[in-house]
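# Residue-level structural notes
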Amino acid sequence: MSRKHLLRSERLLETVAECPRLVIVTHDNPDPDAISSGWAIATLLRERAGRRPRFLAGGEVLRAENRQMMELLDPPLELVDSFEPSGDTAVILVDCGVNGSNHLLFHSNADIVAVIDHHQQTGKCATRFKDIRPSVAACASIATQYLREQNIFPSTRLATALMYGIHTETAGFETSHSQTDRRALRWLTGFANPDWLAEIQNAPLPREYFTDLVLALQNTFLYDGAAFCLLPKVSGPEVVGEVADLIIRCKDVAYALCAGAWEADALVSIRTKPGTRSAARLAAETLRGLGHSGGHEHRAGGKIADLRTGQITESLEDELRQRWLNACNVERTRGTRLIAPRDIRQIL
Ligand SMILES: [Mn+2]
């Protein structure tokens, strides 16, 4: 039988069969999709090839829900500061691409033998095995398909993680469920624990979270359909994205930008409603020459590194606001508050 007719999971197993040492790497600050996909691939390699690869990522897991997932489901993920693979180590990249700067192997000449991903790829990818499907909403759905192909029944913990991975990846209108995603969800339902899923989604939040939220809502201004929110300080870097997620749900908002100072950087998150504009493009236009940006159709982010004063000065705030309004084609320069202080005072 020609190699072409093998199932994807069989081709992956065949590709890595001769590699003396294997490591799975996913993107930095791994999200539920990254964590669950890498875990599923590790399970596949253990069950069908007797391998026990390490599963690594850089950065941290920050969102309360995702930390709850780590605690409750205990995935075999190791968070490390850096990783120098030895000469005989072959790497499987999951939920990120070879040319991405968001993983431990950026700028390394590691031997990447396989890539399993669903992001649009930038540049060439010449690995021996690649399964890159941007039309699939979650990498977890691709990894689930491998388990199904190999008749590996996932543990309750792994199945719950995969379901949560798919769930988070399709939140916020970013992508819609493809056939592969729907099939994966149906199959996983038979193994996952819905109570655990609920426990993850309702993770306890620290009080600082609510302080950040109140400040954010008070500092949000609307300029027609464009919302602008600036947070002089946040209790954690994840807050900026969470606030943007919340503001974009407002009926009157088509585009939302939230910026916040974290350590010496200004973090920026941008969201757009479906059928409007590309968040990635708005981020690029707003941050051009000021910092880096990247993202997707409806979710994007960026960073202005090393603020000289350690905070977002008034002039930087003005600059950001003006660039944002220009990018959104809004002519209005005076905003209205999302919540009028007068209304609050009347109630309290
Ligand atoms: Mn993903």
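For clarity, every value in this text was computed on a predicted model and none was experimentally measured.

## As for helix H5 (residues 156–169)
With 14 residues, H5 ought to run about 20 Å at 1.5 Å a step, and its terminal C-alpha atoms sit 20 Å apart, in line with that. The buried fraction of H5 amounts to 11 of the 14 residues, a majority that puts the element mostly inside the structure. Along H5, the positions that sit buried rather than exposed are Leu158, Ala159, Thr160, Ala161, Leu162, Met163, Tyr164, Gly165, Ile166, Thr168 and Glu169. The inward-facing, buried residues of H5 abut helix H2 (32–49), helix H3 (64–73), helix H4 (139–149), helix H6 (179–189) and helix H7 (194–201).

## Digging into the pairing of strand E4 (residues 89–94)
The element E4 is largely enclosed, with a buried count of five among its six residues. Judged from the six bridges that link them, strand E1 (residues 21–26) and E4 form a sheet pairing that is parallel. Bridged to Arg21 within E4 is Thr89.

## Some points on the domain arrangement of the chain
Per the domain assignment, the segments making up the chain are domain 1 (3–201) and domain 2 (208–342). Inter-centroid distance (C-alpha atoms) of domain 1 to domain 2 is 31 Å. Facing the five residues of domain 1 at the interface are 10 residues of domain 2.

## Brief notes about the environment of Ser135
Here Ser135 lies in the loop between strand E6 (129–132) and H4. Taking the C-alpha atoms as reference, Ser135 lies 9.8 Å from Asp181; in sequence the two are 46 residues apart.

## Topic: the pairing of strand E10 (residues 265–272)
The buried count for E10 comes to seven of eight residues, which makes it a mostly enclosed element. Counted between consecutive antiparallel strands, the loop separating strand E9 (residues 255–262) from E10 contains two residues, among which Glu263 sits at a positive phi close to 50 degrees.

## Observations concerning the sheet that holds E9
The seven strands are arranged E11-E12-E10-E9-E8-E7-E13 in an open sheet whose pairing can be described as mixed. Each edge of the sheet is formed by a strand with only one pairing partner; in this case those strands are strand E11 (292–295) and strand E13 (336–337). Those strands touched by helix H8 (residues 207–218) are strand E7 (220–223), strand E8 (226–231) and E9, and its axis lies near 135 degrees from that of E8. Contacting E9, E10, E11 and strand E12 (299–304), helix H10 (residues 279–287) crosses the sheet at an angle of about 20 degrees to E12.

## Observations regarding the nonpolar core
Among the nonpolar cores identified, the biggest contains 58 residues, and Ile41, Val91, Ile92, Ala143 and Leu162 are the most heavily contacted of them. Ranked by the residues each element gives to this core, the list is headed by H2, at eight residues. Ignoring sequence-local partners within four residues, the contact set of Ile41 consists of Ile24, Ile92, Val94, Ile116 and Ala143. Core analysis: the next-biggest nonpolar cluster, separate from the first, contains 38 residues, Val240, Ala244, Ala300 and Ile304 among them.

## Considering the packing of H2 against H5
Two elements in contact, H2 and H5, have axes whose closest approach is 8 Å; the angle formed by their N-to-C orientations is 145 degrees. Along this stretch, H2 crosses H5, giving a crossing that reads as left-handed. Here Pro32, Asp33, Ile35, Ser36, Ser37, Trp39, Ala40 and Thr43 of H2 lie close against H5, whose contacting residues are Leu158, Ala161, Leu162, Tyr164, Gly165, Thr168 and Glu169. A class-by-class count of the residues in the contact of H2 with H5 yields eight nonpolar, five polar and two charged.

## What about the packing of H3 against H7?
If you want to describe how two helices pack, look at the angle between their axes and the distance between the axes. Taken N-terminus to C-terminus, the directions of H3 and H7 make an angle of 140 degrees; their axes are 8 Å apart at the nearest point. With respect to each other, H3 and H7 are oriented oblique. Across from Glu65, Gln68, Met69 and Leu72 in H3, the residues of H7 making contact are Trp196, Glu199, Ile200 and Gln201.

The rules behind each value
- Along each chain, residues carry numbers from 1 onward, in the same order as the chain's sequence is written.
- In keeping with the model being predicted, local features are shown solely for residues with a pLDDT of at least 70 and side-chain atom pairs are shown and tallied solely at 80 or more, while totals for entire chains, interfaces and linings include all residues.
- Where helices and strands are cited, they refer to DSSP runs of H or I of at least four residues and of E of at least two residues respectively, numbered from the N terminus.
- Helices are assigned an expected span. That span is 1.5 Å times one less than the residue count.
- Residues with at least 20 neighbouring C-beta atoms inside 10 Å of their own are called buried, those with 12 or fewer are called exposed, and the rest are partly exposed, where every C-beta is derived from the backbone.
- Working definition of a contact: two residues with C-beta atoms, positioned from the backbone, lying within 7 Å.
- Any two strands with at least two DSSP bridges between them are considered paired.
- Annotation comment: domain bounds sourced from an automatic or database domain assignment.
- Between N-to-C directions, angles cover 0 to 180 degrees, with each direction set by a line fitted to C-alpha atoms, over the stretch in contact for helices.
- A set of buried Ala, Val, Leu, Ile, Met, Phe, Trp, Tyr and Cys residues, joined to one another through C-beta atoms within 7 Å, is what we call a nonpolar core.
- In this scheme the handedness of a crossing depends on how the near helix is turned from the far one: anticlockwise by less than a right angle means left-handed, clockwise means right-handed.
- In the scheme used here, Gly and all other residues not listed as nonpolar or charged are polar, with Ala, Val, Leu, Ile, Met, Phe, Trp, Tyr, Cys and Pro taken as nonpolar and Asp, Glu, Lys and Arg as charged.
- Should an angle fall under 35 degrees it is called roughly parallel, over 145 degrees roughly antiparallel, and 65 to 115 degrees roughly perpendicular, with every other angle called oblique.

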